[in-house]
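Take a look at the letters that make up each chain.
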Amino acid sequence: MSATMDVEALAAASRRRRTRERILTHVALILGVCLFALPIWITLIGSTHEVDTIGRGDVPLLPGAEAVHNYATAWFRGGGSRNTFQVPASTMLFNSLMMALLIAVGKIAISFLSAFAVVFFAFPGRMIFFWMIFITLMLPVEVRIIPTFQVMTDLSLIDTMTGLTLPLIASATATLLFRQFFLTIPDEYVEAAKMDGAGPLRFLKDVVLPLSVTNLAALFVILFIYGWNQYLWPLLMVTDRSLETVIVGLTKMIGNGDAQNEWNVIMATAVLALLPPVGVVVFMQRWFIKGLTETEK
Amino acid sequence: MRKKVIFRGALLPYLLLVPQMAVTLVFFFWPAGMAVWQSTLRQDAFGLRTEFVAFENFTDLFRDERYLGAVLNTAFFSAAVAGLALGAALFLAVQADKKIRGAGLYKTLLIWPYAVAPALAAVLWLFLFHPSIGLIGRGFTALGITWDYRVNGGQAMAMVILAAAWKQVSYNFIFFLAGLQSIPTSVLEAAAIDGARPMRRFWTVIFPLLSPTAFFLLVVNLVYAFFDTFGVIHALTQGGPGNATETLIYKVYVDGVQNLNLGSSAAQSVVLMVIVIALTAIQFRFIERRVHY
């Protein structure tokens, strides 16, 4: 009799403990989510208010009525009357989009071809080429800023979209990823292709490319974000305002953070700058996680 | 691993490699070589005369108090960013790994900051911490704290650390969660049956199994803090006030682009290259080892 009661009491206590644990888990996660969302929320709300509301420091927590006006100002005129930096957000977003697409597609194309050459051909110097590509991992643009800039000046690529993208499209990580994947393609496929009389380019187009679709998508997501978020390189390469990209443009709008800035328009521009890469991560989540965990960087 | 059946072709493989090699040679090897060469040269103030000074740029660098200050800033900044970003991510990943309702939604809401550019992360935190327009900045003032990260070096450092770490948590979270999910349930059940308490179970069973992931992430986070946070510092503090938030990468930029001190900037680039090579070597040794597991 008393034994059963003990068991029941124990079971009830354990149930209570589990419920308590579950609630604590939810609380921790919700706090985490809020901490991540707080700056975005403030920015989103700020972008719907009048400039004076923010300038006075009355930080609003709920949306205001100026959303259409602020976003239209940001999109068509940019900066706003109180800022010295005035480039329409539409121009900057277009430049960022071009930069991100060209970098992502360029990196994928040249890495795909070089990985194909290294894996499916035997030729003198194969490993030397492979190591030369590999070493570029150790030379990020940040550590060779000035000399690379001088090369760009010599080639007169300053203030061009080519200059903005071309130097960034060599990719050791993408080459390594494709090489790793190509090595898993069974030898029988190559043999079968050869027996059917298909040449290497035919094999590339009809066998390797279709097999690589998921890898291409995953890599594209990662590289698009990489390209969109470039900062130091456009900062150095662009002096022509019509080529300004949105992330660099945004910090130029802020300047030294004067309270008199047209903050509502700046915040609207920040939201616009966030949307494309965040949208890609949220809507292509599966590929994003695959790309991230497989490139390992 | 090597293919047994391979295509023959004398010219085609080279043609396929041309685009990658052209970009690599022109924009990577040539500038890197120039950086090494320039680090041994010194120009006069007007750029009229250049002389060979061997290692003098390097010895000057290590005697320069401002450079040593940047070394200390970088060490402190990187340790703080990596520590914060790893700690927060591990905590959240452990929570999200539990069998609870809405786990998928939490995951989505925790990974999106990965897509935010470092400079943009800095701008978002600026909106919060700005002394006159920011919610938290004004909150501090209301509490009687003198808050202005544009004047106070310690506050500026705290701001750049916070913004840089915030952005990196998502990346670490994804890897920790993947690591947690790959631990076999049988191991966890065995520990539970042995009567180990959750906290004890975490530190004696789960954490050791996660340590390869944690080590890999530590290296990635250090590389991030060293090289990818230029945007955070440039957007928020520009290395100031004084030189309170000037890190090594920021100083290369200042000396090369603003002060036009090419010899010193090149020498600093070479020092940074050595650091990247060391970190990459550590990272790859580790990955190789993990493959053997």
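Please read all numbers here as calculations on a predicted model, not as lab measurements.

Novice: Break down the overall build of chain B for me, citing the residues and quoting the values.
Specialist: A tally of helices and strands in chain B yields 12 helices and 2 strands. Written out in order from the N terminus, the α and β elements of chain B read α-β-β-α-α-α-α-α-α-α-α-α-α-α. For 293 residues, the compact-globule estimate of 2.2 N^0.38 gives 19 Å, and chain B exceeds it by more than 25% at 24 Å. Over its C-alpha atoms, taken along the principal directions, chain B stretches across nearly 75 × 75 × 30 Å. Evaluated residue by residue, chain B yields a buried proportion of 53% over its 293 residues. In chain B, 66% of the contacts between residues at least 6 apart in sequence involve partners at least 24 apart. About 13,500 Å² of surface is accessible on chain B, with carbon and sulfur atoms providing 66% of the total. On chain B, the mean spot of the 22 positive side-chain charges and the mean spot of the 14 negative ones are 16 Å from each other.

Novice: Residues and numbers for the UniProt feature "transmembrane region" (unreviewed entry) in chain B, please.
Specialist: Residues and elements named next belong to chain B. According to UniProt, the positions carrying the feature "transmembrane region" (unreviewed entry) are residues 12-32, 67-93, 105-128, 205-227 and 266-287. Across residues 67-93 one finds 100% helix and 0% strand; the C-alpha atoms that close the span lie 38 Å apart. Taken end to end, residues 205-227 is 100% helix and 0% strand, and its first and last C-alpha atoms sit 34 Å apart.

Novice: Run through the interface of chain A and chain B, naming residues and quoting values.
Specialist: In this assembly, 111 residues from chain A lie in contact with 98 residues from chain B. Together chain A and chain B conceal approximately 9,400 Å² of surface at their shared face, both sides included; 77% is due to carbon and sulfur atoms. Viewed at the interface, chain B and chain A are joined by 0 salt bridges. If you look at where chain A meets chain B, you find 12 residue pairs in polar contact (both at pLDDT 80 or more). With 18 residues, the single largest contributor to the side of chain A that touches chain B is helix 1 (residues 2-46) of chain A. Class assignment for the residues of the side of chain A that touches chain B results in 79 nonpolar, 20 polar and 12 charged.

Novice: Talk me through the packing of aromatic side chains; I want residue IDs and the actual numbers.
Specialist: Aromatic ring pairs are reported here in terms of the distance separating the ring centres and the angle at which the planes meet. All names here are of chain A. Under the counting rule described, the total for this entry stands at 41 aromatic pairs over all chains. Residues phenylalanine 123 and phenylalanine 129 carry aromatic rings whose centres are separated by 6.3 Å and whose planes lie at 45 degrees to one another, so their mutual orientation is tilted. Here phenylalanine 123 falls in the buried class, since its relative accessible area comes to 8%. Ring geometry for tryptophan 131 against phenylalanine 134: centres 5.0 Å apart, planes inclined by 80 degrees, an arrangement best described as edge-to-face.

Novice: Could you give me a rundown of unusual backbone geometry, with the residues and numbers involved?
Specialist: Unusually for a residue other than glycine, A:Asp159 sits at a positive phi of about 60 degrees. With respect to the element layout, A:Asp159 can be found in the loop between helix 6 (145-154) and helix 7 (161-165). Here B:Leu260, not a glycine, exhibits a phi torsion of approximately 50 degrees, which is positive. On the secondary structure map, B:Leu260 appears in the loop between helix 11 (248-258) and helix 12 (262-292).

Novice: Outline helix 13 (residues 246-254) of chain A, supporting the account with residue identities and numerical values.
Specialist: Since the α-helix turns once every 3.6 residues, residues separated by three or four places project in the same direction. Counting buried positions along helix 13 of chain A gives 8 out of 9 residues, so the element sits mostly inside the fold. Of all the positions in helix 13 of chain A, only A:Val246, A:Ile247, A:Val248, A:Gly249, A:Leu250, A:Thr251, A:Met253 and A:Ile254 are classed as buried. Summarising the contacts, the buried residues of helix 13 of chain A are in contact with helix 4 (89-120), helix 11 (213-228), helix 12 (232-237) and helix 14 (263-283) of chain A together with helix 5 (118-129) and helix 10 (230-236) of chain B. Looking at the residues trailing helix 13 of chain A, positive phi occurs at A:Gly255, about 60 degrees.

Novice: How would you explain the UniProt feature "domain: ABC transmembrane type-1" (unreviewed entry) in chain B if you had to name every residue and give the values?
Specialist: Those residues carrying the UniProt feature "domain: ABC transmembrane type-1" (unreviewed entry) are residues 71-283 of chain B in this numbering. Structurally, residues 71-283 of chain B comprises 77% helix and 0% strand, and the distance from its first C-alpha atom to its last is 22 Å.

Novice: Lay out a positive patch on the surface with the relevant residues and their values.
Specialist: A contiguous patch of positive charge on the surface is contributed by A:Arg15, A:Arg16, A:Arg17, A:Arg18, A:Arg20, A:Arg22, B:Arg101 and B:Arg197. Among the structural elements, B:Arg197 can be located in the loop between helix 8 (185-193) and helix 9 (198-228).

Novice: Can you explain a nonpolar patch on the surface? Please cite residues and give values.
Specialist: Together, A:Trp41, A:Leu44, A:Leu61, A:Leu62 and B:Leu135 make up an exposed nonpolar region whose accessible area comes to about 470 Å². Turning to its location among the elements, A:Trp41 is positioned in helix 1.

Novice: Please provide a residue-by-residue account of the domain arrangement of chain A, values included.
Specialist: Residue and element names in this part refer to chain A. Domain parsing of chain A yields domain 1 (2-76) and domain 2 (89-295). Distance from the C-alpha centre of domain 1 to the C-alpha centre of domain 2: 34 Å. With 16 residues of domain 1 at the contact, the number on the domain 2 side is 16 residues. Counting the surface lost from both domain 1 and domain 2, the interface buries some 1,300 Å², and carbon and sulfur atoms represent 78% of this. It is Val51, Ala74 and Trp75 in domain 1 that bury the most area against domain 2; as a group they hold 39% of the surface buried on that side. The tally of links between domain 1 and domain 2 comes to 0 salt bridges. Looking at the side of domain 1 that touches domain 2, its residues break down into 8 nonpolar, 7 polar and 1 charged.

What counts, and where the lines are drawn
- Residues numbered from 1 in each chain as written.
- Chains lettered and ligands numbered in written order.
- Predicted model: local features only at pLDDT ≥ 70, side-chain atom pairs only at ≥ 80, totals over all residues.
- Heavy atoms only, no water.
- Helix = DSSP H or I, 4+ residues; strand = E, 2+ residues; numbered from the N terminus.
- Rg over C-alpha atoms; globule rule 2.2 N^0.38 Å.
- Buried < 20%, exposed > 50% of the residue type's maximum accessible area, 1.4 Å probe, protein only.
- Contact = heavy atoms within 4.5 Å.
- Areas by Shrake-Rupley, 256 points an atom, 1.4 Å probe, with all protein chains shown as cover.
- Lys, Arg positive; Asp, Glu negative; His and termini not counted.
- Charge placed at Lys NZ, Arg CZ, Asp CG, Glu CD.
- UniProt positions renumbered as here; feature names shortened; annotations may be inferred.
- Buried area = accessible area lost by both parts, 1.4 Å probe.
- Salt bridge = Lys/Arg side-chain N within 4 Å of Asp/Glu carboxyl O.
- Polar contact = N/O pair within 3.5 Å; in protein donor to acceptor, adjacent residues only side chain to side chain.
- Nonpolar A, V, L, I, M, F, W, Y, C, P; charged D, E, K, R; others polar.
- Phe/Tyr/Trp six-rings, centres within 6.5 Å; stacked < 30°, edge-to-face > 60°.
- Patch = residues over 30% accessible without salt bridge, like charges linked within 9 Å, V, L, I, M, F, W, Y side chains within 5 Å.
- Domains from an automatic or database assignment.

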